[in-house]
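Observations on the three-dimensional arrangement
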Amino acid sequence: MNETVTQLEEIWTAAMKKMAEKLSAEPDGQRIIDTFFDGSKIISIEGNKIKIVVSTKLAAKVIEKSYAGDLKSFIDDITGTDFLLEFVSKEDVGEEKSEEKKGPEFFPEAYLNPNFTFDNFVVGSSNNEPFQASVMIASTPGRMFNPLLLYSESGLGKTHLLHAIGNSIKEKYPSMRILCISASDFVDEYVQYATGSKEDNSLAKYFREDVDVFLIDDIQYIVGKKKTMEMFFVVFQALVNKGRQIVMTSDQPPERLDGLDDRLRTRFTQGLVLPIQRPDVDTSVRILRMKIEANGLNPEDFDDEVINFIASKFSKNVRELEGALNRLIFCTINLNPTKHITMDSAEKALKSLSGAKEDKSALNEEKIIAKVADFYSLTPSQLTGKIRIARISMARHIAMYLIRDLLDAPFSKIGEAFGGKDHATVINGVKKVENSLKTDPDMAIAISELKRRLS
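So, a few notes on the structure that sits alongside this text. (Residues numbered from 1 in each chain as written. Predicted model: local features only at pLDDT ≥ 70, side-chain atom pairs only at ≥ 80, totals over all residues. Heavy atoms only, no water.)

With respect to the pattern of salt bridges
- Using the criterion set out here, one finds 18 salt bridges in the structure.
- Through salt bridges that share partners, Glu153, Arg278, Glu449, Arg452 and Arg453 make up one connected network. (Salt bridge = Lys/Arg side-chain N within 4 Å of Asp/Glu carboxyl O.)

Listed below in structure tokens is the structure:
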């Protein structure tokens with residue numbers, strides 16, 4: 001039987017009421033109740049056995065000897081079932097109680113951020129489709145778009161949507177078991193499981209039996225980890241086969257996740273893959289107004305020119321917008337208090353921030369190398385070093401090509417940026433990319449995306 005704690009309490013309360021009525025006729029009836037039954041309760045019903053905990057081992061012996069028959073009769077009448085009663089002391093169940101307090105065996109830190117909901121997600125042309133897909137999935141989890149993969153640069157709202165899906169499902173389907181974690185959590189959990197530092201439970205079995213909705217952030221972090229990807233494939237298949245919903249986020253689409261297991265790549269794309277773009281100015285304006293209200297301020301206290309300025313100047317992502325707004329609020333409320341925020345006060349508050357942004361945005365060889373390395377999940381030192389693995393060599397040639405194309409740098413200077421390579425090596429690398437652009441559409445897409453990120 002799977003009675004709830006409330007049902008167990010109701011059964012015992014009714015039984016104890018009958019017992020008190022019976023003992024009330026005895027001179028020491030109330031003293032017996034207070035002495036031997038105080039703090040007693042039913043702690044479990046398993047099959048035809050009810051386990052009752054009392055204060056001490058002595059109380060358990062007294063009740064079992066003198067009052068078990070009456071209690072059994074009362075409980076059988078209340079439940080309509082023939083039960084066997086077992087009396088134990090609090091000391092006897094100490095270990096069981098401590099085990100009840102233990103957290104879940106896997107992913108004990110998993111949680112849904114209640115602050116991320118559909119209601120406070122600002123929708124615009126850059127994220128309308130991902131938003132609509134997320135709402136549909138939350139309405140009917142597991143029935144369509146399974147899996148859903150949302151990808152974008154950092155700070156554009158994919159994590160917000162991931163948690164919003166979970167919060168919406170939790171509200172509509174309270175009985176559904178939702179697991180929301182990051183891919184790094186999955187890696188850590190698998191390492192502990194695989195090395196035996198966890199108890200001998202099956203991680204795959206946990207997902208099959210205890211997860212109805214699986215939300216995982218930054219899936220790119222499992223790429224290149226062969227054993228982790230193998231376990232994720234097992235988990236993925238188990239959940240999909242049972243009609244359980246999977247939602248993932250990534251910084252790149254599956255075809256750009258270099259090193260991803262081909263089986264996973266195929267299955268990631270069998271559902272729905274959607275990008276989230278950078279917010280346009282109108283969407284950024286609405287985000288700023290929402291953030292202003294969230295800070296307990298009135299958007300009317302900000303000149304429209306100020307909001308439009310921030311929206312156009314700091315619209316790379318939502319985090320950048322929020323950072324600029326926080327800087328403005330800090331300066332105009334704490335440092336130089338003013339009731340109405342004008343363009344003049346905004347320019348003064350954001351001068352250092354915008355200046356740093358402009359300096360940072362100045363394109364140079366180092367920035368291009370770093371951006372290409374990040375795009376291909378490499379380090380800048382791998383690009384500028386001497387390793388000749390095909391994947392690294394290709395990324396190195398692309399970085400050379402972009403430096404030549406965007407900065408019009410001399411071949412000799414490009415060679416210096418790559419550890420002193422001679423100009424002939426650089427020319428050869430640039431030509432390889434130029435030739436690939438004529439015949440390889442994937443190369444064209446990669447170059448276009450890198451130029452967009454560098455713009």
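The rest of the description comes next.
What about unusual backbone geometry?
- Of note, the bond from Asn146 into Pro147 is cis; its omega dihedral lies within 30 degrees of zero at 5 degrees.
- Mapping Pro147 onto the fold places it in the loop between helix 6 (128-139) and strand 4 (148-151).
- With a phi angle near 50 degrees, Phe145 is a residue other than glycine that sits in the positive phi range.
- Accessibility expressed as a relative area gives 30% for Phe145, which makes it partly exposed. (Helix = DSSP H or I, 4+ residues; strand = E, 2+ residues; numbered from the N terminus. Buried < 20%, exposed > 50% of the residue type's maximum accessible area, 1.4 Å probe, protein only.)

Quick look at the sheet that holds strand 3 (residues 84-89)
- The strand order 1-2-3 describes an open sheet built from three strands, whose pairing is mixed. Pairing within the sheet leaves two strands with one partner each, and these edge strands are strand 1 (41-46) and strand 3. Taking each pair of neighbouring strands and ignoring which way they run, the sheet shows an average axis angle of 25 degrees.
- Here strand 1 pairs with strand 2 (residues 49-54) via five bridges, running antiparallel. From the neighbouring strand, Ile42 faces strand 2, where its bridge partner is Ile52.
- Contacting strand 2 and strand 3, helix 3 (residues 57-66) runs over the sheet at an angle of about 155 degrees to strand 3. (Pairing = 2+ DSSP bridges. Axes fitted to C-alpha atoms, helices over the stretch in contact; angles between N-to-C directions. Contact = heavy atoms within 4.5 Å.)

So, the nonpolar core
- Among the nonpolar cores identified, the biggest contains 32 residues, and Phe186, Phe207, Phe214 and Phe232 are the most heavily contacted of them.
- Broken down by secondary-structure element, the contributors of at least two residues to this core are strand 5 (178-182), helix 8 (183-194), helix 9 (203-210), strand 6 (213-217), helix 10 (226-241), strand 7 (245-250) and helix 11 (262-268).
- Looking at this core, the element that brings in the most residues is helix 10, giving seven residues.
- Residue contacts for Phe214: discarding those within four places in its chain leaves Leu179, Ile181, Phe186, Phe207, Phe232, Val235, Leu239, Gln245, Ile246 and Val247. (Core = buried A, V, L, I, M, F, W, Y, C linked by side-chain atoms within 4.5 Å.)

Here's the deal with the packing of aromatic side chains
- Counted by the stated rule, this structure contains 17 aromatic pairs.
- For the pair Phe106 and Tyr193, a centre-to-centre distance of 6.3 Å together with 65 degrees between the ring planes defines the contact as edge-to-face. You can see Phe106 sitting in the loop between helix 5 (94-100) and helix 6 and its partner Tyr193 sitting in helix 8, a full 87 residues away along the chain.
- Its relative accessible area of 3% is what places Phe106 among the buried residues.
- Its relative accessible area of 25% is what places Tyr193 among the partly exposed residues.
- Between Phe118 and Phe131, the aromatic rings sit 5.7 Å apart at their centres with planes inclined by 85 degrees, giving edge-to-face as the arrangement. (Phe/Tyr/Trp six-rings, centres within 6.5 Å; stacked < 30°, edge-to-face > 60°.)

Considering helix 7 (residues 158-172)
- With 15 residues, helix 7 should cover 21 Å at 1.5 Å per step; its first-to-last C-alpha distance of 21 Å lies within 8% of that length.
- The element helix 7 is extensively covered by neighbouring structure, given that eleven of its 15 residues are classed as buried.
- Three or more residues of helix 7 are buried, namely Lys158, His160, Leu161, Leu162, His163, Ala164, Ile165, Gly166, Asn167, Ser168 and Ile169. (Expected span 1.5 Å × (residues − 1).)

Quick look at helix 21 (residues 441-454)
- Compared with the 20 Å implied by 1.5 Å per residue over 14 residues, the 20 Å span of helix 21 between its first and last C-alpha is a close match.
- Burial in helix 21 covers these residues: Met443, Ala446, Ile447, Leu450, Arg453 and Leu454. The buried residues of helix 21 occupy an angular sector of 125 degrees when projected down its axis, which confines them to one face.
- Against the buried residues of helix 21 lie helix 16 (365-375), helix 18 (390-407) and helix 20 (423-439).
- Two or three places before Asp442, at the start of helix 21, stands the capping residue Asp440, its side-chain oxygen 3.0 Å from that residue's backbone nitrogen. (Arc of directions from axis to C-beta. Polar contact = N/O pair within 3.5 Å; in protein donor to acceptor, adjacent residues only side chain to side chain.)

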